[in-house]
Amino acid sequence: MPDPSRGMPADAVEGFLGLAEFASKLKSVPRTGWLDRGVPLLQVESVADHSVGVALLAWGCALQRRAEGAAISPERVLMLAILHDFAEAETGDLTPYDPATIPDEHELAARRAFLETRHHRDPERAAAKRDAEDAAVQELLAILPNATRSALRDIWDDLRLGASTEARFVKQVDRLETFLQSRRYLQSDSTLPMASFRQEVFESIDDPLLSAIRDAALADDTRD
């Protein structure tokens, strides 16, 4: 039988090895916000864990929204969701707040109040995050074959600019999945400071299906 690997361009093979190595790093990048809020390290999800959760939820919801008549591509939603945090393989999970401003663990009330506040990146931190992520992506793109490079660049630009319906949908699912994860952590420890995620999903989600999922999750509180 012919060897299918024969004739494969060496630079393409090396590029895909690099892509696999890049992606594998996401498995060991913890989600910083959970660590800051006191979730035990062994229970903290990785960025890869989160990305899979977002991708599955976003794809399924996009299929439903398309069936309802919305102009949305579940296939593009899936790719955007898989890749929405992939630059964090190099940058780590950067929080919107400066970690140095978190009150000390001995200042329990102040620390809890800080972590239960919804934070927004100031322009300087936002620019630094964008530059770091762009640099990581450009380094990866440089080693990929042309077709993959072009497709990945298109996805990344869409994520960064939020120009498409699909990118905006994935952003909302990202918020929703994080909120749902915060609730799972609260089931293990109800004292964890997770209020900011509840506030976030009310401020950032307007898609009717995603809003309904949020509200159904909150309705569980009244039944417990």
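Given the structure is predicted, the values throughout are model-derived calculations rather than measurements.

Participant: Help me out: how do you make sense of the overall build of the protein in this one?
Facilitator: On a plain count of helices and strands, the protein comes out with 11 helices and 0 strands. Along the protein, helices (α) and strands (β) appear in the sequence α-α-α-α-α-α-α-α-α-α-α when read from the amino end. Taken along the three principal axes of its C-alpha coordinates, the protein extends 65 × 45 × 40 Å. Looking at the 224 residues of the protein, the share that counts as buried comes to 41%. For the protein, contacts bridging at least 24 residues in sequence account for 70% of all contacts bridging at least 6. Total accessible area on the protein stands at roughly 12,400 Å², and carbon and sulfur atoms take up 56% of it. Averaged over its 26 positive side-chain charges, the protein has a centre that lies 3 Å from the centre of its 39 negative ones.

Participant: Which parts of the structure should I look at to understand the pattern of salt bridges?
Facilitator: Where side chains of opposite charge bring their charged atoms close, a pairing between them can arise. Applying the stated rule across the entire model yields 17 salt bridges. For the salt bridge of Arg65 with Glu68, the shortest nitrogen-to-oxygen distance reads 2.8 Å. Judged by relative accessible area, which is 16%, Arg65 ranks as buried. Accessibility expressed as a relative area gives 47% for Glu68, which makes it partly exposed.

Participant: Please clarify how the nonpolar core should be interpreted in this entry.
Facilitator: In a soluble, globular protein the nonpolar side chains are often hidden away together inside. Counting 45 residues, the largest nonpolar core has Phe86, Phe169 and Phe179 as the members making the most contacts within it. Those elements that provide at least two residues to this core are α3 (47-67), α4 (74-83), α7 (123-141), α8 (146-161), α9 (165-188), α10 (195-204) and α11 (208-223). With sequence-adjacent residues up to four places away left out, Phe86 is seen in contact with Phe22, Leu26, Val137, Leu140, Leu152 and Trp156.

Participant: Sorry, what's going on with the packing of aromatic side chains here?
Facilitator: In this description, an aromatic ring pair is defined by two values, namely the gap between the centres and the angle between the planes. Taken as a whole, this structure holds 5 aromatic pairs when the rule is applied. With centroids separated by 5.1 Å and ring planes inclined at 65°, the aromatic side chains of Trp34 and Tyr185 adopt a geometry described as edge-to-face. With Trp34 in helix α2 (residues 32-36) and Tyr185 in helix α9, this pair connects stretches of sequence that are 151 residues apart. Of the two residues examined, Trp34 and Tyr185, each falls in the buried class.

Participant: Whenever I open this one, the environment of Asp221 confuses me. Can you help?
Facilitator: Looking at the element boundaries, Asp221 is found in helix α11. Exposure remark for Asp221: the relative accessible area of 38% places this residue in the partly exposed category. Put simply, Asp221 and Ser46 are 175 residues apart on the chain and 27 Å apart in space, counted from C-alpha to C-alpha. In this structure Asp221 touches Arg183 and Arg198, once residues within four positions along its chain are discounted.

Conventions adopted
Residues numbered from 1 in each chain as written. Predicted model: local features only at pLDDT ≥ 70, side-chain atom pairs only at ≥ 80, totals over all residues. Heavy atoms only, no water. Helix = DSSP H or I, 4+ residues; strand = E, 2+ residues; numbered from the N terminus. Buried < 20%, exposed > 50% of the residue type's maximum accessible area, 1.4 Å probe, protein only. Contact = heavy atoms within 4.5 Å. Areas by Shrake-Rupley, 256 points an atom, 1.4 Å probe, with all protein chains shown as cover. Lys, Arg positive; Asp, Glu negative; His and termini not counted. Charge placed at Lys NZ, Arg CZ, Asp CG, Glu CD. Salt bridge = Lys/Arg side-chain N within 4 Å of Asp/Glu carboxyl O. Core = buried A, V, L, I, M, F, W, Y, C linked by side-chain atoms within 4.5 Å. Phe/Tyr/Trp six-rings, centres within 6.5 Å; stacked < 30°, edge-to-face > 60°.

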